[in-house]
Each structure stands twice: as structure tokens, then as C-alpha cells.
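# Summary of the model geometry
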Amino acid sequence: MGRLHRAQVLLDPAQYRRLRRIAARRSLEEGRRVSVSQVIRELLDQALEKAESPEERARAALERLFMLGDAVRKRHPELLPEDWLNSDRDEHDDERFADLFPGR
């Protein structure tokens, strides 16, 4: 898990009891301590996922993909993803050509 930000949320007693029960049950099921905070983060993730439109989810996925591409370019500046793609296409084109025109 990356860097976390502290946020204070006031819960009524019934909400907190329910969260503690969920955390305790999950702790037993998973064989490790599951905190109320973790349960809240997971429930919030689920609610945010439902609240976002498909376009927002697609945009976020594309942003993550571009960030990954940037990270690859920084780590391996000598290799360009476009070169990998073109190289792969050339290899497949050669194979298809050989299949279509045997003996050439």
C-alpha cells in the first residue's frame, strides 16, 4: 500500500460496532488482523467504484497505463515500446508471408 493520508471521520456508535464486527470476522477468516480502518478503505473503494461513470474509470485506467509507459521509458530509455510493437509485427508478417508464399 502506498502513502496514506489521514482523514478524520465521525461515526455513530452503530456504524462503528458494525465495522468492528466486520473487521473481527475478516480477521478470523483471513488468519491475520484486519483493522477497522482497512475495512473502511475497502468499503470506500467499492462505493467510489460504483459512483464513478464508465468514462471516468476508463480515463483513470488510461492515465495509469500512460504512467506505466512513462516509467518504462525512464527505466529503459534505449528501448521504445513502439519499436517492440513494430519488431513483433515484422516477425509475424514474415511468418505470414512464408505461409502464403512457400518457397519464396
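Quick notes on the rules
Residues numbered from 1 in each chain as written. Predicted model: local features only at pLDDT ≥ 70, side-chain atom pairs only at ≥ 80, totals over all residues. Heavy atoms only, no water. Helix = DSSP H or I, 4+ residues; strand = E, 2+ residues; numbered from the N terminus. Expected span 1.5 Å × (residues − 1). Buried < 20%, exposed > 50% of the residue type's maximum accessible area, 1.4 Å probe, protein only. Contact = heavy atoms within 4.5 Å. Axes fitted to C-alpha atoms, helices over the stretch in contact; angles between N-to-C directions. Parallel < 35°, antiparallel > 145°, perpendicular 65-115°, else oblique. Nonpolar A, V, L, I, M, F, W, Y, C, P; charged D, E, K, R; others polar. Core = buried A, V, L, I, M, F, W, Y, C linked by side-chain atoms within 4.5 Å. Patch = residues over 30% accessible without salt bridge, like charges linked within 9 Å, V, L, I, M, F, W, Y side chains within 5 Å. Areas by Shrake-Rupley, 256 points an atom, 1.4 Å probe, with all protein chains shown as cover. Salt bridge = Lys/Arg side-chain N within 4 Å of Asp/Glu carboxyl O. Lys, Arg positive; Asp, Glu negative; His and termini not counted. Charge placed at Lys NZ, Arg CZ, Asp CG, Glu CD.

### A look at helix α2 (residues 36-51)
Between its first and last C-alpha, α2 extends 22 Å over 16 residues, near the 22 Å set by a 1.5 Å rise per residue. Within α2, burial applies to Val36, Gln38 and Val39. Buried-residue contacts for α2 involve α1 (13-30).

### Thoughts on the packing of α1 against α2
With their axes 9 Å apart at the nearest point, α1 and α2 run at an angle of 100 degrees to one another. With respect to α2, the axis of α1 lies roughly perpendicular. Residues Tyr16, Leu19, Arg20, Ile22, Ala23 and Arg26 of α1 touch α2, and the partners they reach there are Val36, Gln38, Val39, Ile40, Glu42 and Leu43. Considering only residue class, the contact of α1 with α2 consists of 8 nonpolar, 1 polar and 3 charged.

### Let's talk about the nonpolar core
If you look at the biggest cluster of nonpolar residues, it comprises 5 residues: Leu19, Ala23, Val34, Val36 and Val39. Among the elements of the structure, α1 and α2 are those that each provide at least two residues to this core. With residues near it in sequence (within four places) discarded, Ala23 still touches Val34, Ser35, Val36 and Val39.

### Regarding a positive patch on the surface
Where like charges cluster on the molecular surface, the positive patch consists of Arg17, Arg18, Arg20 and Arg21. Mapping Arg17 onto the fold places it in helix α1. Given a relative accessible area of 44%, Arg17 falls into the partly exposed group.

### Things to note about a nonpolar patch on the surface
A grouping of Val9, Leu11, Tyr16 and Ile40 is seen on the molecular surface, where their side chains present a nonpolar patch of about 340 Å² in accessible area. According to the relative accessible area criterion, Tyr16 is partly exposed, its value standing at 38%.

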